[in-house]
Amino acid sequence: MTLQLPTHNGTHSQKATDSFTIPQQKERLENLLYQKVQQGEDISPCIEALHYLALKQTTQDQLQVMWVEVIKERSAFNSLQRVIITTFAILGMIAFFNGAFRSVKPSTAANPPAVQPH
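Criteria and cut-off values
- Residues numbered from 1 in each chain as written.
- Predicted model: local features only at pLDDT ≥ 70, side-chain atom pairs only at ≥ 80, totals over all residues.
- Heavy atoms only, no water.
- Helix = DSSP H or I, 4+ residues; strand = E, 2+ residues; numbered from the N terminus.
- Buried < 20%, exposed > 50% of the residue type's maximum accessible area, 1.4 Å probe, protein only.
- Contact = heavy atoms within 4.5 Å.
- Areas by Shrake-Rupley, 256 points an atom, 1.4 Å probe, with all protein chains shown as cover.
- Expected span 1.5 Å × (residues − 1).
- Axes fitted to C-alpha atoms, helices over the stretch in contact; angles between N-to-C directions.
- Parallel < 35°, antiparallel > 145°, perpendicular 65-115°, else oblique.
- Left-handed = near helix turned anticlockwise from the far one by under 90°.
- Nonpolar A, V, L, I, M, F, W, Y, C, P; charged D, E, K, R; others polar.
- Arc of directions from axis to C-beta.
- pLDDT = per-residue confidence, 0-100.
- Salt bridge = Lys/Arg side-chain N within 4 Å of Asp/Glu carboxyl O.
- Patch = residues over 30% accessible without salt bridge, like charges linked within 9 Å, V, L, I, M, F, W, Y side chains within 5 Å.

Some details on the overall build of the protein
Of regular secondary structure, the protein possesses 2 helices and 2 strands. Classification of the 118 residues of the protein by burial places 11% in the buried group. When contacts within the protein are restricted to residue pairs at least 6 apart in sequence, long-range pairs at least 24 apart make up 32% of them. Taken as a whole, the protein presents about 10,200 Å² of accessible surface, with 62% of it coming from carbon and sulfur.

Shown next as structure tokens:
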């Protein structure tokens, strides 16, 4: 879709999706619509373009909300994953040290023999 936008020295052809935000596109279309109404021209293409931009803005807003939710869920999952990994690491260390300490038996050679009185 190409819009013919008025300039100081004629018309300027600009694609509706290039370098303009949706509010800027709406404002330009509304200005064009007002000019067409004053000149008695057909305004149905402008109305259709405004409806399209409104739908596009709504879709972008919905996608943004969904993306924020995905990021929140991913963050929560990553946090839960870290907690679980840390918990298993701690449990593994406890089990390892428990096994290590159980397998070590006090050595009788390490104690000096008792001195018996004569």
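A word on helix 2 (residues 44–103)
Spanning 60 residues, helix 2 covers 88 Å between terminal C-alpha atoms, matching the ideal 88 Å at 1.5 Å per step. Restricting attention to buried positions, one finds in helix 2 the residues C46, A49, L50 and L53. Of the surrounding elements, those touching the buried residues of helix 2 are helix 1 (22–39).

Notes on the packing of helix 1 against helix 2
One can describe the packing of helix 1 onto helix 2 by two numbers: an axis separation of 10 Å at closest approach and a directional angle of 165°. In terms of their interaxial angle, helix 1 and helix 2 are classed as roughly antiparallel. Classified by chirality, the crossing of helix 2 by helix 1 is left-handed. From helix 1, I22, P23, Q25, K26, L29, E30, L32, L33 and K36 reach across to helix 2, where they touch C46, I47, A49, L50, L53, A54, K56, Q57 and Q60. Partitioning the contact of helix 1 with helix 2 into residue classes produces 11 nonpolar, 3 polar and 4 charged.

Some details on helix 1
Along its 18 residues, helix 1 runs 25 Å from first to last C-alpha, staying within 8% of the 26 Å computed at 1.5 Å per residue. Among the residues making up helix 1, those that are buried are I22, Q25, L29, L32 and L33. Buried residues of helix 1, seen end-on, are gathered within an arc of 105° and therefore sit on one face of the element. Helix 1 presents P23, Y34 and Q38 as exposed residues on the side facing more than 90 degrees away from its buried surface. At the C-terminal side of helix 1, G40 shows a positive phi close to 75°.

Quick notes on the confidence of the model for the protein
For the protein, the mean per-residue pLDDT works out to 80, and 74% of the residues sit at or above 70. Here residues 1–17 scores under 50 on pLDDT; set against residues more than four positions off or in separate chains, the count is 27 contacts.

A word on the pattern of salt bridges
Within this structure, the stated rule accounts for 1 salt bridge. In this structure, E41 engages K36 in a salt bridge whose closest nitrogen and oxygen atoms are separated by 3.2 Å. Overall, the relative accessible area of 40% leaves E41 in the partly exposed class.

Quick notes on a nonpolar patch on the surface
A cluster of nonpolar residues, L80, I84, F88, I90, L91 and I94, forms a patch on the protein surface that exposes about 610 Å² of accessible area. Among the secondary structure elements, I90 is positioned in helix 2. I90 sits in the partly exposed class, given a relative accessible area of 45%.

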